Amino acid sequence: MKVQVCQVFHYLIKGKALKGHSTKIRLSKAGVSLINGRLKAENITPNIEPVLCKGLDGAVSSPSHSVLAKTNYKTINAYNNSLCKSSVSIGGIAVNNVEKVGCRIFADRSCKADGRIYGALHQRVRKELRRAILIDGKKTIEVDIKSTHPLIIYTKEGFDITSPQSGFRPVAATYSGDPYSVGALYSGTKADRNIIKSLMTRMLNLESNKDEDDDSFAKRVKASFDYSVRSYVQSSNEEKLERAAGMKGSLKEYGVAYSKEFGSKFDVVDVVLAILDRHKLIKHWFTSEAWKSLNKYESDILLKVVKHFVDKNIPILTIHDSVRIAEEHREELIDVYKCAIESVLD
């Protein structure tokens, strides 16, 4: 019956087949035009793996069934399906379904390290352009956790950095204010903060070397940082420059702050030693490749936020450690974020 209907509209042509074979049916030019019209990127629902993991050799594959069950893969699937049913535009340009969806990627086969969601177009555009993102035609806002990694570390160590009335041990002056403020080394500018944050991130991510003292460790951090600075300065691609130095500030801001002001006022070794002194309560987290576990906590928090809104059929966009959502849901998002943090870090 379906073939007869198609034949009426000249989408299919029935031809003679070889002896002993069924009737030969092929597409007409009208049929080809029909399919080409329907096969537009915005009409395609991508079928991607919700979770992938990396082996020691760097190869990416799907986790085993027993491991997959612990990765919240159903939330990822629901998240992707929700986005495919919603319209997303960046600067007035519609984003197709293939570019909306993401995949949770772990840094190990057991899916206990990293676990952030990667792949979507909105994650790869600059912050300034993300402000022009519309979801279902509505303006959006972006919310993240300030100083995420220090917050997670201090909380997991049993310290409370938000409420002295809680049951956690108070951190007092050690953490008061911005964790990336290091005494006289911090002038209050965004550029200085970005540099100190970049150094502290490197300190957390470097591989362990139990035989080195603080001075040797500080020199190792400096060598790593200086290598990135050279790459930063020599590259002609601004996006690559910012990624190389682990910075979020603009190229101009970074160049001024490091080469002229920061670099001439302080040696990186001195800054690293000052960071070690200020954060001595969590010193053992440095040189522990902590990013793997920190990103896992971070992604677990994010997934709880995602699940809340997906269950309510409210589209939401994840951007590594932050999310964008329609402005009308701002207060609810903040409340959900707080609950998710308490749930994961408790």
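Everything numeric in this text was worked out from a predicted model, so none of it was measured.

Novice: Any chance you could explain the nonpolar core here in plain terms?
Specialist: Across soluble globular proteins, nonpolar side chains have a tendency to be buried as a group. Ile-275, Ile-316, Leu-333 and Tyr-337 are the most contacted members of the largest nonpolar core, which totals 58 residues. Setting aside anything within four residues of it in sequence, one finds Leu-333 in contact with Ile-141, Val-143, Val-305, Phe-309, Ile-316, Val-323 and Ile-325. Residues Cys-53, Val-67, Leu-68 and Cys-111 belong to the second largest nonpolar core, which totals 6 residues.

Novice: How should the sheet that holds strand E3 (residues 51–54) be read in this particular structure?
Specialist: Pairing is mixed across the open sheet formed by 4 strands, whose spatial order is E4-E3-E7-E8. Sheet topology places strand E4 (60–61) and strand E8 (114–118) at the edges, where each strand pairs with a single neighbour. The pairing of E3 with E4 spans 2 bridges and is antiparallel. From the neighbouring strand, Lys-54 faces E4, where its bridge partner is Val-60.

Novice: Is there a simple way to think about the packing of helix H4 (residues 73–84) against helix H13 (residues 291–311) in this case?
Specialist: When two helices pack together, their arrangement is given by the angle between the helix axes and the distance between those axes. The interhelical angle for the contact between H4 and H13, taken along N-to-C directions, is 50 degrees, at an axis separation of 10 Å. Relative to H13, H4 is oriented oblique. For the element pair H4 and H13, the recorded crossing hand is left-handed. Taking contact as the criterion, the partners of Thr-75, Ile-76, Ala-78 and Tyr-79 in H4 are, on H13, Leu-303, Val-306, Lys-307 and Val-310.

Novice: Sorry if this is basic, but what is going on with the pairing of strand E14 (residues 322–326) here?
Specialist: Remember that side chains alternate between the two faces of the sheet whenever the strand is regular. Along E14, 5 of the 5 residues are buried, which leaves the element largely enclosed by surrounding structure. Relative to E14, strand E10 (residues 138–144) is paired through 5 bridges, and the arrangement is antiparallel. If you follow Asp-144 over to E14, its bridge partner there is Ser-322.

Novice: Help me understand helix H14 (residues 330–345), please; the structure alone is not making it clear to me.
Specialist: Residues separated by three or four positions in an α-helix point in the same direction, a consequence of the helix having 3.6 residues per turn. In this model, H14 (16 residues) spans 23 Å end to end at C-alpha, consistent with the 22 Å of a helix rising 1.5 Å per residue. When we look at burial in H14, the residues that qualify are Leu-333, Val-336, Tyr-337, Ala-340, Ile-341, Val-344 and Leu-345. Angularly, the buried residues of H14 cover 140 degrees about the axis, an arc narrow enough to put them on a single face. Opposite the packed face of H14, turned more than 90 degrees from it, sit the exposed residues Glu-331, Cys-339 and Glu-342. Considering only its buried residues, H14 is in contact with E10, helix H7 (148–156), H13 and E14.

Novice: Is there a simple way to think about the sheet that holds strand E9 (residues 133–135) in this case?
Specialist: Backbone hydrogen bonds are what pair the strands of a sheet, in a parallel or an antiparallel way. Sheet architecture is open: 6 strands sit in the order E6-E5-E9-E10-E14-E13, paired in antiparallel fashion. Lying at the two open borders of the sheet, with one neighbouring strand each, are strand E6 (93–94) and strand E13 (317–319).

Novice: Teacher, can you tell me more about the pattern of salt bridges here?
Specialist: Between side chains of opposite charge, pairing is possible as soon as their charged atoms come close. A complete count under the given rule lists 14 salt bridges for this structure. The partner of Glu-99 in a salt bridge is Arg-124, and the shortest N-O contact between them spans 3.0 Å. Of the two residues, Glu-99 is situated in helix H5 (residues 97–100) and Arg-124 in the loop between E8 and helix H6 (127–130); the sequence distance between them amounts to 25 residues. For Arg-124, a relative accessible area of 44% gives the class partly exposed. In this structure, Arg-324 engages Glu-142 in a salt bridge whose closest nitrogen and oxygen atoms are separated by 2.9 Å. With Arg-324 in strand E14 and Glu-142 in strand E10, the pair connects residues that are 182 residues apart, well separated along the chain. Assessed through its relative accessible area of 5%, Arg-324 is described here as buried. Glu-142 sits in the partly exposed class, given a relative accessible area of 25%. Here the residues in one salt-bridge network are Arg-104, Lys-296 and Asp-300, joined through shared partners.

Parameters and conventions
- Each residue is numbered by its place in its chain's sequence as written, counting from 1.
- Only residues with pLDDT of at least 70 are given local features in this predicted model, and only at 80 or more are side-chain atom pairs given and counted; all residues enter the totals for whole chains, interfaces and linings.
- Derived side-chain values reflect all non-hydrogen atoms in the structure, with water molecules and hydrogen atoms excluded from consideration.
- By nonpolar core is meant a set of buried Ala, Val, Leu, Ile, Met, Phe, Trp, Tyr and Cys residues that side-chain atoms within 4.5 Å join together.
- Type-normalised accessible area, obtained with a 1.4 Å probe on protein chains alone, sets the label of each residue: buried when under 20%, exposed when over 50%, and partly exposed for intermediate values.
- Throughout, a residue-residue contact means that at least one pair of heavy atoms, one from each residue, lies within 4.5 Å.
- One bridge is not enough; two strands pair if DSSP finds at least two bridges between them.
- The helix and strand labels rest on DSSP assignments: H or I over at least four residues marks a helix, E over at least two residues marks a strand, and numbering proceeds from the N terminus.
- Fitted lines through C-alpha atoms serve as axes, helices being fitted only where they are in contact, and the angles separating the N-to-C directions of these axes extend from 0 to 180 degrees.
- The scheme is simple: roughly parallel for angles under 35 degrees, roughly antiparallel for over 145, roughly perpendicular for 65 to 115, oblique for anything else.
- In this scheme the handedness of a crossing depends on how the near helix is turned from the far one: anticlockwise by less than a right angle means left-handed, clockwise means right-handed.
- A helix's residues, less one, multiplied by 1.5 Å, set its expected span.
- To be clear, the arc concerns the directions from the helix axis to the C-beta atoms.
- A side-chain nitrogen of Lys or Arg and a carboxyl oxygen of Asp or Glu constitute a salt bridge if their distance falls within 4 Å.

Shape is all these values report; function is a separate question.
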